[in-house]
Amino acid sequence: MKQLFILCIVTLLLILSGCFNEESIKEPTIDKDETYESHEQPIAESKEVYTLGLYNKDEFEYERTFEIDNESFKRNIVLGNKTSKDGSFILLIFNHGEQMNFKVGDGKISNSYRFDIEKEEYKDLEVSLLDLEDGFHSITYILLNDPKEAPSDYETSMELADLFSIRVNLLKNIDNIPEQRPSLLTKGIKSEERRIHGAFLSKKEVPYEALYKEEMGEKEIPYTLFYGNSNSEKIDFYLVALFNYQQTPLGNDDFIYDTLEPDQEKSISLDFNLPLEEESNYFQVLMIPTPFEPVSKEEAFLPQDPLASNRVLILK
Amino acid sequence: MEIKKIMFSLITVSFLFTLVLVAPVGAEEEAKVFDTKIDNVSKDDYIDKEGDKVQEKVYYNSEGDIVKVSVEKGEYAEPVSTDNSIQSYGSYYAVSRSSVTARFEAWSGAPQVRVYANGFSDSYTSSSKSTKKSIDRIIVNTTLMMNASVEDQDSDSRSSSSFANASAKQQSFMIPTHSQYSRSSHTYHNSGTNSVYHSTEASRG
């Protein structure tokens, strides 16, 4: 009798576990593309555009400030190619004015990630930021178009300034954004009249003429970095130089922190003198504005998005 | 040989004629102070070839000379809401475009041709474009390039807006040897939607 009772209990448990298994099999699978499409606009169907969204796994992420306890932070950067051409991009991430390491999916840790994206497709990058210390982290995700594209004329050099970005603020064991700011650059010379908005790499001998292809040879390449603000509000920002998409010093500084009044422009004269290992090399400067600006679910977007300078091809 | 001479003469005459047309007037006339005080403004509303409403304002001085001209698109159209994310949330119909224009206007005291690069970003409730719609932020950055140089860059970044317009204008007098190139980067941000990045170009000459 006791054996029969145990047999019935075991049978019942088996039936119940079968039911639960059936339920888990029947759990609906989420079509991620449908989720992304549901956040698109009509222009994405009719014009040659790219779209960019921040997601938390399959959910649209509305928040832009995160209080964290862990050393890592993971979110999905989803790029939509709504153009008629396949594309290629490089993802870079900056913590304030410093390029940082990150991991995409289960890949290796690196400070850049190149990927291709087919036309009419989405690319979902599960990005993990690692080794985050206590304090305020001003995180800027930046996507640069066609990293292998070398400008052959000044128009292409300007086109390669296109940049897509998302800003989030991370507060680790800290309540608010600190009031302390980095030291301001003092070497920037104010222009009499502003022409540039963002950053621009100019020939030294002809101000405002676009630098797009230079041969290094035995000499260094002199250039002028112009940076300006055409908006009606004062901005603070980091300027970061990229050599083959790796951060490189601007003069003697790892990065520059400076401010610009409305309709103001400044310039610095610099020399490019890095040793070249590759035949073709790429040089570009990024402006990352308002790094201390609070962002939130309600105010998710910066007054001015990050901007890239014209891209310069430097031949060995 | 005769044909070559004639061709050479024609080219020389054409070049000189071009110089006369676009060059600043002589030093004596430059010394004459151009009256930039605005005495009269005329407005012209029209639908452009893209089907968008445009308002052109021409400012005259007391002598009837044009002091400046502004072309605005969208600015006079009332947005559906200037409020926050509640009404701006969700779907919108974005329209972007670039143009290059040129006109005679007062410049260093004398009328001269000045080239403009214009970038227009607008958001509407639907493809009929009959009603504007505010979204969280619209940014347009416009660049004017002439003879391999950046003549000007302009940006317009607006929150809770249905439009952004940026016009970059020629800063230095020159005879263009290349076409004048305009490029605008348009960004549309709205709560609950993927951000949209759209580039438009235009050229003249």
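Residues numbered from 1 in each chain as written. Chains lettered and ligands numbered in written order. Predicted model: local features only at pLDDT ≥ 70, side-chain atom pairs only at ≥ 80, totals over all residues. Heavy atoms only, no water.

**Considering the overall build of chain B**
- A tally of helices and strands in chain B yields three helices and ten strands.
- Helices and strands appear in chain B in the N-to-C order α-α-β-β-β-α-β-β-β-β-β-β-β.
- Expressed as a percentage of the 205 residues in chain B, the buried residues total 49%.
- Long-range pairs, those at least 24 residues apart, make up 57% of the contacts in chain B between residues at least 6 apart in sequence. (Helix = DSSP H or I, 4+ residues; strand = E, 2+ residues; numbered from the N terminus. Buried < 20%, exposed > 50% of the residue type's maximum accessible area, 1.4 Å probe, protein only. Contact = heavy atoms within 4.5 Å.)

**Examining a negative patch on the surface**
- Taken together, the side chains of Asp31, Asp33, Glu34, Glu48, Asp86, Asp116, Glu118, Glu120 and Glu121 of chain A define an acidic patch exposed on the protein surface.
- By the secondary structure assignment, Asp116 of chain A is in strand E8 (residues 113-117). (Patch = residues over 30% accessible without salt bridge, like charges linked within 9 Å, V, L, I, M, F, W, Y side chains within 5 Å. Areas by Shrake-Rupley, 256 points an atom, 1.4 Å probe, with all protein chains shown as cover. Salt bridge = Lys/Arg side-chain N within 4 Å of Asp/Glu carboxyl O. Lys, Arg positive; Asp, Glu negative; His and termini not counted. Charge placed at Lys NZ, Arg CZ, Asp CG, Glu CD.)

**Remarks on the side chain of Arg75 of chain A**
Residue and element names in this part refer to chain A.
- Looking at the element boundaries, Arg75 is found in strand E4 (residues 73-82).
- Judged by its relative accessible area of 14%, Arg75 is buried.
- For Arg75, the side chain forms a polar contact with the side chain of Glu61, separated by 2.7 Å.
- Apart from the residues within four sequence positions on either side, Arg75 is in contact with Leu54, Tyr55, Asn56, Glu61, Phe66, Leu125, Glu126 and Val127. (Polar contact = N/O pair within 3.5 Å; in protein donor to acceptor, adjacent residues only side chain to side chain.)

**Points about the environment of Ser91 of chain B**
- The topology assignment puts Ser91 of chain B in the loop between helix H3 (85-88) and strand E4 (93-107).
- Taking the C-alpha atoms as reference points, Ser91 of chain B and Ser127 of chain B, 36 residues apart in sequence, are found 12 Å from one another.
- Excluding anything up to four places from it in sequence, Ser91 of chain B contacts Gln41 and Pro42 of chain A together with Lys133 of chain B.

**Quick look at the pairing of strand E16 (residues 235-243) of chain A**
Residue and element names in this part refer to chain A.
- Most of E16 is tucked away: nine of the nine residues are buried.
- Residues of E16 alternate between two faces, with Ile235, Phe237, Leu239, Ala241 and Phe243 on one and Asp236, Tyr238, Val240 and Leu242 on the opposite face, all of them buried.
- Two elements, E16 and strand E20 (residues 280-289), share seven bridges in a ladder whose sense is antiparallel. Opposite Leu242, over in E20, you have Gln284 as the bridge partner.
- In this sheet, strand E17 (residues 246-248) lies alongside E16 in antiparallel orientation, the contact comprising three bridges. When the sheet's bridge partners are listed, Ala241 is paired in E17 with Thr248.
- The turn joining E16 and E17, which pair antiparallel and follow one another in sequence, is formed by two residues; a positive phi near 50° is taken by Asn244. (Pairing = 2+ DSSP bridges.)

**Digging into the interface of chain B and chain A**
- Between chain B and chain A, the residue contacts involve 45 residues of the former and 41 residues of the latter.
- Carbon and sulfur atoms make up 49% of the area that chain B and chain A hide from each other, which totals about 3600 Å².
- When the area that chain B buries against chain A is broken down by residue, the three leading residues are Gln153, Asn194 and Tyr197 of chain B, summing to 22%.
- Taken together, the connections running from chain B to chain A amount to three salt bridges.
- Take the side of chain B that touches chain A: its biggest share by element is nine residues, from strand E7 (residues 149-161) of chain B.
- In terms of strand pairing, strand E1 (residues 49-56) of chain A meets strand E10 (residues 195-204) of chain B through four bridges, oriented antiparallel. Paired with Tyr50 of chain A across the bridge in E10 of chain B is Tyr197 of chain B. (Buried area = accessible area lost by both parts, 1.4 Å probe.)

**Notes on the pattern of salt bridges**
Residue and element names in this part refer to chain A.
- For the coordinates displayed, the defined rule picks out 17 salt bridges over all chains.
- Lys32 is paired through a salt bridge with Asp58; the nearest N and O atoms lie 3.8 Å apart. Taken as a pair, Lys32 in helix H2 (residues 32-37) and Asp58 in the loop between E1 and strand E2 (59-60) lie far apart in primary sequence, 26 residues in all.
- By relative accessible area, Lys32 is classed as partly exposed at 33%.
- Residues Glu45 and Lys82 are paired through a salt bridge, measuring 4.0 Å at the closest nitrogen-oxygen approach.

**Some details on the confidence of the model for chain B**
All names here are of chain B.
- Residues with a pLDDT of 70 or more make up 56% of chain B, whose mean pLDDT is 72.
- Averaged pLDDT values over the elements of chain B bottom out at 30 in helix H2 (residues 27-31) and peak at 95 in strand E6 (residues 135-146).
- Note that pLDDT drops below 50 for residues 13-34; the model gives that stretch 17 contacts with residues more than four away or on any other chain. (pLDDT = per-residue confidence, 0-100.)

**Observations regarding unusual backbone geometry**
Residue and element names in this part refer to chain A.
- We note that His96 has phi near 55°; this positive angle belongs to a residue other than glycine.
- Inspection of the secondary structure assignment puts His96 in the loop between strand E5 (87-95) and strand E6 (98-99).
- The backbone of Asp263 shows a phi angle near 55°, a positive value even though the residue is not glycine.
- By the secondary structure assignment, Asp263 is in the loop between strand E18 (256-260) and strand E19 (264-272).
- With a relative accessible area of 51%, Asp263 lands in the exposed category.

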